[in-house]
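Okay, here's what each chain looks like letter by letter:
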Amino acid sequence: MAKLNIVKQGDPVLRKNCRVVTEITPRILNLLDDMVETMRDANGVGLAAPQVGILRRIVVVECTPGEVYEMINPTIVEMDGSQVGTEGCLSLPGKVGIVERPEKVTVEATDRFGNRYSVTGEGLLARCFCHELDHLDGVLYCDVADRMLTNEEINELYSDDEDDDE
Ligand code: ZN
């Protein structure tokens, strides 16, 4: 496994549409491994392929340690309710925004063995799925945020909360 370089806001790769994965090659499997390692190393709870410069529809999510979702060609098939909360992104270091997301989201995706599966997430997991899937269409959370926090607000937030960038 290898740690990959995380692309930062301003890089055009974050604004492109990602291509569907048509074949799960050894290269794709390596990418999944490297993305998980990169996400963990950066203390993130999710990472999308364009964030490491790869324009493929692939995301990894780990909101609960050890509970990793590897998602190839993911799509949201159902959403319900709404939640308003803070969100960050490994590609926008030092920034936090207030974003409204569905409270509950069901995603269908393909796993590394080529099997299609479905997972329903609530709360942070639902937020994370939405955030990561947006990346595959070139959308960043700052595009959909109600507003971005000021530096003062961010300092307050980090003084009593954990960092959970996606
Ligand atoms: Zn992100």
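Owing to the predicted nature of the structure, the values given are computational and were not obtained by experimental measurement.

Further remarks concern the sheet that holds strand β7 (residues 116-122). One open sheet holds the 5 strands; their spatial order is β1-β2-β3-β6-β7, and the pairing between them is antiparallel. Each of the sheet's edge strands pairs with one partner strand only, and the pair in question is β1 (46-48) and β7. When strand polarity is set aside, the average angle formed by the axes of neighbouring strands in this sheet is 35°. As paired elements, strand β3 (residues 69-80) and strand β6 (residues 104-110) share 6 bridges and run antiparallel to each other. Counterpart to I76 in the pairing with β6 is V107. On top of the sheet, helix α1 (residues 26-41) reaches β1, β2 (58-61) and β3; it is set at about 40° to β2, its chief contact.

Turning next to the pattern of salt bridges. In the structure shown here, the tally under the stated rule is 10 salt bridges. Here E62 and R40 are joined by a salt bridge, their closest N and O atoms 2.7 Å apart. Placement of the pair is E62 in the loop between β2 and β3 and R40 in helix α1, with a sequence separation of 22 residues. Judged by relative accessible area, which is 9%, E62 ranks as buried. As a salt-bridge pair, E87 and R101 come within 2.7 Å of each other at their nearest N and O atoms. Of this pair, E87 sits in strand β4 (residues 83-87) while R101 is found in strand β5 (residues 97-101), placing the two residues 14 residues apart along the sequence.

This part covers helix α2 (residues 124-135). Between the first and last C-alpha of α2 there are 17 Å, a value that for 12 residues agrees with the 16 Å anticipated at 1.5 Å per step. Of all 12 residues in α2, 11 are buried, a share of seventy percent or more. Within the sequence span of α2, burial applies to L125, A126, R127, C128, F129, C130, H131, E132, L133, D134 and H135.

Under the counting rule described, the total for this entry stands at 1 aromatic pair. Ring plane angle 75° and centroid distance 5.7 Å describe the contact between Y69 and F129, whose orientation is recorded as edge-to-face. Of this pair, Y69 sits in strand β3 while F129 is found in helix α2, placing the two residues 60 residues apart along the sequence. Here Y69 falls in the buried class, since its relative accessible area comes to 16%.

Counting 19 residues, the largest nonpolar core has V61, Y69, M71, V107 and F129 as the members making the most contacts within it. Taken together, the elements giving at least two residues each to this core come down to β2, β3, β6 and α2. With 6 residues, α2 is the single largest residue contributor to this core. Membership of the second largest hydrophobic core comes to 15 residues, among which are V21, L32, V36 and V60.

With that settled, consider the environment of L29. Position of L29 relative to the elements: it lies in helix α1. Put simply, L29 and R112 are 83 residues apart on the chain and 6.7 Å apart in space, counted from C-alpha to C-alpha.

This part is about the pairing of β6. A large share of β6 lies buried, amounting to 5 of its 7 residues. Sheet topology places β6 next to β7; 7 bridges connect them, and they run antiparallel. Across the sheet, residue K104 finds its bridge partner in β7, namely E122. The hairpin turn running from β6 into β7, its antiparallel successor, is 5 residues long, and G114 in that turn takes a positive phi close to 90°.

Reading guide: rules and limits
- Residues numbered from 1 in each chain as written.
- Predicted model: local features only at pLDDT ≥ 70, side-chain atom pairs only at ≥ 80, totals over all residues.
- Heavy atoms only, no water.
- Pairing = 2+ DSSP bridges.
- Helix = DSSP H or I, 4+ residues; strand = E, 2+ residues; numbered from the N terminus.
- Axes fitted to C-alpha atoms, helices over the stretch in contact; angles between N-to-C directions.
- Contact = heavy atoms within 4.5 Å.
- Salt bridge = Lys/Arg side-chain N within 4 Å of Asp/Glu carboxyl O.
- Buried < 20%, exposed > 50% of the residue type's maximum accessible area, 1.4 Å probe, protein only.
- Expected span 1.5 Å × (residues − 1).
- Phe/Tyr/Trp six-rings, centres within 6.5 Å; stacked < 30°, edge-to-face > 60°.
- Core = buried A, V, L, I, M, F, W, Y, C linked by side-chain atoms within 4.5 Å.

Remember that the coordinates give geometry; whether it matters functionally is a separate question.
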